[in-house]
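Chain and residue survey
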Amino acid sequence: MASLSGSVSRRYARALFQMGSDNGRFEAYGNELGEIAKLVNSSSELRQALTNPVVKESQKRSILESLLPRVGASAEVQRFVLLLLDRGRLTELTRIAGDYQRLTDERLGRVRGTVTSATPLDGAAFEDIRQALAKRTGKQVILEAKVDPELLGGIVAQVGDLVLDGSLRSRLQNLSRKLLN
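Computed from a predicted model, the values in this text were never measured in an experiment.

Here we look at the sheet that holds strand E4 (residues 162-165)
- Spatially, four strands are ordered E2-E1-E3-E4 in an open sheet, and the strand pairing comes out mixed. Looking at the sheet topology across the chains shown, the edges are occupied by strand E2 (140-147) and E4. Taken pair by pair, the neighbouring strands of this sheet meet at an average axis angle of 15°, ignoring direction.
- Looking at chain direction, strand E3 (residues 155-159) and E4 are connected through four bridges and run antiparallel. Along E4, the bridge assignment pairs Ala-157 with Leu-164.

Printed below as a string of structure tokens:
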């Protein structure tokens, strides 16, 4: 069922992306859609009101019609979100926003990744890692920093399927395996 849901979200994302591409606003539409998804996900009351089958569609529409202009959504994105409501696909909003972001990144030659370290990285180290990953992938890298004290030291960087593990924890595990074999 997840793959069916995924294909539905991709179809909706592609439809809005095509409209945004046609009028040169695909990146703006993606930002708007992402902000709306974040807003819905950040409020359990709002999410419940919009996804609960007991709440009437007219009430959901009223909520959205008052909310969407206040968050600065363009007329096209407002119509798109209302279409999701009409088609019973509002529960897919987060997936659609994610699929839309991937389409935007692909079009603009960007990839997203994470760099995890045992302690917070300073700005220069973070930028050096981002540039090294950009050179390795040949794309602009949008990097998110995470901290995991269990790494002990070093970093783990992941961009798409590429994982570079230079953590002390990983090195110690490798050494332990070599010693045991």
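Anyway, onward from the coordinates.
What about the nonpolar core?
- Counting residues in hydrophobic clusters, the biggest one holds 28 residues, and the most contacted among them are Leu-33, Ile-36, Leu-64, Val-81 and Tyr-100.
- The contacts of Leu-33, once residues within four sequence positions are left out, are Leu-16, Val-77, Phe-80, Val-81, Leu-93, Ile-96, Ala-97 and Tyr-100.
- Within the second largest apolar cluster, nine residues are counted, among which are Val-111, Leu-133, Val-141 and Leu-143.

A look at the packing of helix H4 (residues 57-70) against helix H5 (residues 75-86)
- At a minimum axis distance of 10 Å, the contact between H4 and H5 shows a crossing angle of 165°. When the axes of H4 and H5 are compared, the pair comes out roughly antiparallel. Judged by the sense of rotation from one axis to the other, the crossing of H4 with H5 is right-handed. Facing Glu-57, Lys-60, Arg-61, Leu-64, Glu-65, Leu-68 and Pro-69 of H4, the residues of H5 in contact are Gln-78, Val-81, Leu-82, Leu-85 and Asp-86.
- Here the contact of H4 with H5 is composed, by residue class, of six nonpolar, one polar and five charged.

Brief notes about the pattern of salt bridges
- All chains considered together, the criterion is met by 11 salt bridges.
- Its salt-bridge partner being Arg-102, residue Asp-99 comes within 2.5 Å of it at the nearest N-O pair. With a gap of three residues between them, Asp-99 and Arg-102 both fall in helix H6 (residues 93-108), about one helical turn apart.
- What makes Arg-102 exposed here is its relative accessible area of 51%.
- Here Glu-127 makes a salt bridge to Arg-130, at a shortest N to O gap of 2.5 Å. Residue Glu-127 and its partner Arg-130 are located together in helix H7 (residues 123-137), separated by three residues, close to a single helical turn.
- Three or more residues joined by partner-sharing salt bridges are found here, namely Glu-27, Asp-105, Arg-110 and Arg-112.

Rules used in this analysis
Residues numbered from 1 in each chain as written. Predicted model: local features only at pLDDT ≥ 70, side-chain atom pairs only at ≥ 80, totals over all residues. Heavy atoms only, no water. Pairing = 2+ DSSP bridges. Helix = DSSP H or I, 4+ residues; strand = E, 2+ residues; numbered from the N terminus. Axes fitted to C-alpha atoms, helices over the stretch in contact; angles between N-to-C directions. Core = buried A, V, L, I, M, F, W, Y, C linked by side-chain atoms within 4.5 Å. Buried < 20%, exposed > 50% of the residue type's maximum accessible area, 1.4 Å probe, protein only. Contact = heavy atoms within 4.5 Å. Parallel < 35°, antiparallel > 145°, perpendicular 65-115°, else oblique. Left-handed = near helix turned anticlockwise from the far one by under 90°. Nonpolar A, V, L, I, M, F, W, Y, C, P; charged D, E, K, R; others polar. Salt bridge = Lys/Arg side-chain N within 4 Å of Asp/Glu carboxyl O.

Keep in mind these numbers describe shape, not what the thing actually does.
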